[in-house]
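# Architecture and fold: a report
Chain by chain, the residues run as shown.
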Amino acid sequence: PRWKKSTVVFVLGGPGSGKGTQCAKVVQHFEYTHLSAGDLLRAEIKSGSEFGAMIQSVIVEGRIVPSEITVKLLCKAMEESGNDKFLIDGFPRNEENRIVFENVAKIEPAFVLFFDCPEEELEKRIMNRNQGREDDNIETLKKRFKVFVESTLPVVRYYESIGKLRKINAAKPSEEVFEAVKDLFSS
Ligand code: UP5
Ligand code: MG
């Protein structure tokens with residue numbers, strides 16, 4: 001299928017770093033399809049899937065859903081999109097996610113965006129978001145941040161070591177962050 005030869009950009013950053021916000025801007029200017037792994041998992045819960053209850057409890061604990069489930073949802077979404085350029089937001093969250101995606105999708109990212117932002121700013125943003133996400137409470141947020149540091153930062157460092165990381169200061173206003181993001185997609 002067409003998506004097997006796709007261009008993929010992974011978008012990483014702590015909870016509330018602006019991954020979703022910036023991806024929405026990118027798709028307005030460039031011909032990418034935005035796939036949020038978190039949104040796909042939340043849709044899977046709502047769909048009444050046999051894995052729904054398990055996914056729900058993993059998300060409320062701020063932990064990482066088994067790679068097979070997330071990779072399957074991502075591959076299905078790529079296949080259904082009809083596009084061949086994807087922003088994959090919030091994935092891979094650990095080394096296992098990264099390796100399973102490489103082995104199953106057989107795609108390596110063109111580059112990896114990393115939204116760097118201090119924890120206190122992330123906390124402020126998440127606690128102000130108020131969109132009814134069950135993981136937007138202070139207890140779950142602390143766990144999400146811990147998992148980010150312990151499991152996702154190693155993935156960030158891996159991409160840095162192979163020269164694919166594009167680190168962006170995400171603590172600035174979103175219009176300013178997007179100026180830096182836009183430059184990366186234009187070049
Ligand atoms: N905001 C955005 N940019 C701003 C700026 N520059 N200045 C000021 N405010 C800014 O933004 C968050 C809030 O901040 C919004 O109110 C926004 O207006 C404001 P958003 O763009 O939503 O940030 P984002 O990084 O997308 O935050 P999100 O909460 O979605 O990040 P998470 O990584 O925590 O959530 P995700 O949906 O990716 O994952 C949720 C859970 O699903 C995970 O914890 C995990 O349990 C599970 N999951 C997996 O198990 N596997 C996966 O592969 C993916 C998810
Ligand atoms: Mg998001």
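Because the structure is a prediction, the values reported are computed rather than measured.

Calculation rules
Residues numbered from 1 in each chain as written. Chains lettered and ligands numbered in written order. Predicted model: local features only at pLDDT ≥ 70, side-chain atom pairs only at ≥ 80, totals over all residues. Heavy atoms only, no water. Pairing = 2+ DSSP bridges. Helix = DSSP H or I, 4+ residues; strand = E, 2+ residues; numbered from the N terminus. Axes fitted to C-alpha atoms, helices over the stretch in contact; angles between N-to-C directions. Contact = heavy atoms within 4.5 Å. Near = heavy atom within 4 Å. Polar contact = N/O pair within 3.5 Å; in protein donor to acceptor, adjacent residues only side chain to side chain. Areas by Shrake-Rupley, 256 points an atom, 1.4 Å probe, with all protein chains shown as cover. 1 Å grid on protein atoms, 1.4 Å probe; cavity = no way out; pocket = protein on both sides within 12 Å on 5 of 7 lines; lining within 4 Å. Sits in = over half its atoms within 2 Å of the grid points. Nonpolar A, V, L, I, M, F, W, Y, C, P; charged D, E, K, R; others polar. Points joined across faces, edges and corners; volume = space filled by probe spheres on them. Salt bridge = Lys/Arg side-chain N within 4 Å of Asp/Glu carboxyl O. Buried < 20%, exposed > 50% of the residue type's maximum accessible area, 1.4 Å probe, protein only. Core = buried A, V, L, I, M, F, W, Y, C linked by side-chain atoms within 4.5 Å.

For the rest of this paragraph, the subject is the sheet that holds strand S1 (residues 7-13). Reading across from one edge, S2-S3-S1-S4-S5 is the order of the 5 strands in this open sheet, with parallel pairing throughout. The open sheet has two edge strands, strand S2 (33-36) and strand S5 (165-169), and neither has a second partner. Strand after strand, the sheet turns through a mean of 20° between neighbouring axes, direction not considered. Sheet analysis places S1 next to strand S3 (residues 85-89), joined by 5 bridges and oriented parallel. Bridging from a neighbouring strand, Val8 pairs with Phe86 of S3. The strands touched by helix H2 (residues 37-46) within the sheet are S2 and S3, with S2 carrying the most contacts at an inclination of about 60°. Sheet strands touched by helix H7 (residues 138-161): S1, strand S4 (111-116) and S5. Its angle to S1, the strand with the most contacts, is close to 135°.

Below, the discussion takes up the site of ligand 1. Taken together, 29 residues are adjacent to ligand 1, and Thr21, Arg63, Val65, Arg93 and Arg144 come closest. At 2.6 Å from an oxygen atom of ligand 1 is found a main-chain nitrogen or oxygen belonging to Arg63. Arg133 is positioned with one of its side-chain polar atoms (N or O) 3.0 Å from an oxygen atom of ligand 1. When the free accessible area of ligand 1 is taken as 1000 Å², the share hidden by the protein chains comes to 85%. Judged by its atoms lying within 2 Å of the grid points, ligand 1 is housed in the largest pocket. The dominant element in the shell around ligand 1, judged by the number of residues it contributes, is H2, at 4 residues. Across the shell around ligand 1, the residue classes break down as 9 nonpolar, 10 polar and 10 charged.

Moving on, we get to the layout of surface pockets. Empty space among the atoms can be located by rolling a probe the size of a water molecule over them. Put simply, the largest pocket is a space of about 980 Å³. Taken together, 47 residues line the largest pocket, and the ones lying closest to its centre are Gly16, Lys19, Arg129, Arg133 and Arg144. Breaking the lining of the largest pocket down by element, the ones donating at least two residues are S1, helix H1 (19-29), S2, H2, helix H6 (119-129), H7 and helix H8 (174-186). Here the lining of the largest pocket takes 6 residues from H6, the largest share from any one element. Looking at side-chain class alone, the lining of the largest pocket contains 14 nonpolar, 19 polar and 14 charged residues. Approximately 210 Å³ is the volume found for the second largest pocket. Around the second largest pocket, the lining residues are Arg42, Ile45, Lys46, Gln56, Ile59, Val60, Gly132, Arg133, Glu134 and Asp135. Secondary-structure elements contributing two or more residues to the lining of the second largest pocket are H2 and helix H3 (52-60).

A word on the pattern of salt bridges. A full pass over the atoms with the stated rule returns 14 salt bridges. Note that Arg42 and Asp39 form a salt bridge whose closest N and O atoms lie 2.7 Å from each other. Here Arg42 pairs with Asp39, and both are found in helix H2, just 3 residues apart, close to one helical turn. Assessed through its relative accessible area of 24%, Arg42 is described here as partly exposed. The exposure class assigned to Asp39 is partly exposed, which follows from its relative accessible area of 43%. We note a salt bridge from Glu108 to Lys164, for which the minimum N-O separation is 3.7 Å. Of this pair, Glu108 sits in the loop between helix H5 (95-105) and S4 while Lys164 sits in the loop between H7 and S5, and the two are 56 residues apart along the sequence. Connected via shared salt-bridge partners are Arg129, Arg133, Asp135, Asp136 and Arg144.

All right, on to the nonpolar core then. Nonpolar side chains tend to gather and get buried jointly when the protein is soluble and globular. Formed by 45 residues in total, the largest nonpolar core has its most connected members in Met78, Ile88, Phe101, Leu113, Val181 and Phe185. At 6 residues, the largest contribution of residues to this core is made by H7. Here Leu113 is in contact with Val9, Phe10, Val11, Leu12, Arg166, Ile168, Val181, Leu184 and Phe185, once residues within four sequence places are set aside. Counting 7 residues, the second-largest nonpolar core is a separate cluster that includes Ile55, Val58, Ile59 and Leu73.

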